[in-house]
Each structure stands twice: as C-alpha cells, then as structure tokens.
Amino acid sequence: MTYATQADMTGRFDSTEIVELTDRAGIGEIDTVVLGKALADADALIDGYIASKYALPLASTPAILVGPASDIARFVSIRAR
C-alpha cells in the first residue's frame, strides 16, 4: 500500500523543493529512487501505527493519510541529505 505518490509530493510541496530534497547527483531532476525510498519509509511508519487496529494492506488509501505520508517522506528526504 502506498499512501502518497510523487504527484502528491509535488502537488503539496512544489516540484522544485522535491528536486532539492532528492537530487543527489545534481542533475536538476527528482531522483525517483530517493523519493521512492522516502515514500516507502513513510508507508512503513504509518503501517506500524495502524497495524494494531486495521488489517494490512488496506483496500484503498484513506485520503486522510496522504498528507501525513507526504510530510513524513519530506522529512525522511531531508534527513537523508
């Protein structure tokens, strides 16, 4: 289950910021591998909290989880720099 996507990230935070957070090679583009890892880390953290109450994987992504997943992925990307 993916709670947030690259499109969610660029829609919430602006693509320029996502480039700055993920572009380890300095080519001026979003590094989808780095962003994918940050999003996967966010998913795992959220799953850790909700697994005690809900069966995983969820059938669909509740809209309320997109924002927190995006925020967590953004933070993870910053820490990885």
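Before any of the text, the structure's been laid out above.
Quick caveat: nothing in here was measured; it's all calculated off a predicted structure.

1. Things to note about helix α3 (residues 32-50)
In an α-helix, one full turn covers 3.6 residues, which means residues spaced three or four apart are oriented alike.
Consideration 1: Taking 1.5 Å of rise per residue, the 19 residues of α3 would be expected to cover 27 Å, and the 26 Å separating its terminal C-alpha atoms lies within 8% of that figure.
Consideration 2: Residues V34, L35, A38, L39, A42, D43, I46 and I50 constitute the buried set of α3.
Consideration 3: Structurally, α3 contributes buried residues whose contacts are with α1 (6-13), α2 (15-22) and α4 (66-79).
Consideration 4: The distance from a side-chain oxygen at the start of α3 to the backbone nitrogen of V33 is 2.9 Å, and the residue carrying that oxygen is D31.

2. A closer look at the packing of α2 against α4
Consideration 1: Contact geometry of α2 with α4 gives a least axis separation of 8 Å together with a crossing angle of 40 degrees. What the angle tells us is that α2 and α4 run oblique. Mapping the contact onto sequence places E17, L21 and T22 in α2 and R74, S77 and I78 in α4.
Consideration 2: A breakdown of the residues in the contact of α2 with α4 according to their chemical character gives two nonpolar, two polar and two charged.

Thresholds, definitions, all that
- Residues numbered from 1 in each chain as written.
- Predicted model: local features only at pLDDT ≥ 70, side-chain atom pairs only at ≥ 80, totals over all residues.
- Heavy atoms only, no water.
- Helix = DSSP H or I, 4+ residues; strand = E, 2+ residues; numbered from the N terminus.
- Expected span 1.5 Å × (residues − 1).
- Buried < 20%, exposed > 50% of the residue type's maximum accessible area, 1.4 Å probe, protein only.
- Contact = heavy atoms within 4.5 Å.
- Polar contact = N/O pair within 3.5 Å; in protein donor to acceptor, adjacent residues only side chain to side chain.
- Axes fitted to C-alpha atoms, helices over the stretch in contact; angles between N-to-C directions.
- Parallel < 35°, antiparallel > 145°, perpendicular 65-115°, else oblique.
- Nonpolar A, V, L, I, M, F, W, Y, C, P; charged D, E, K, R; others polar.

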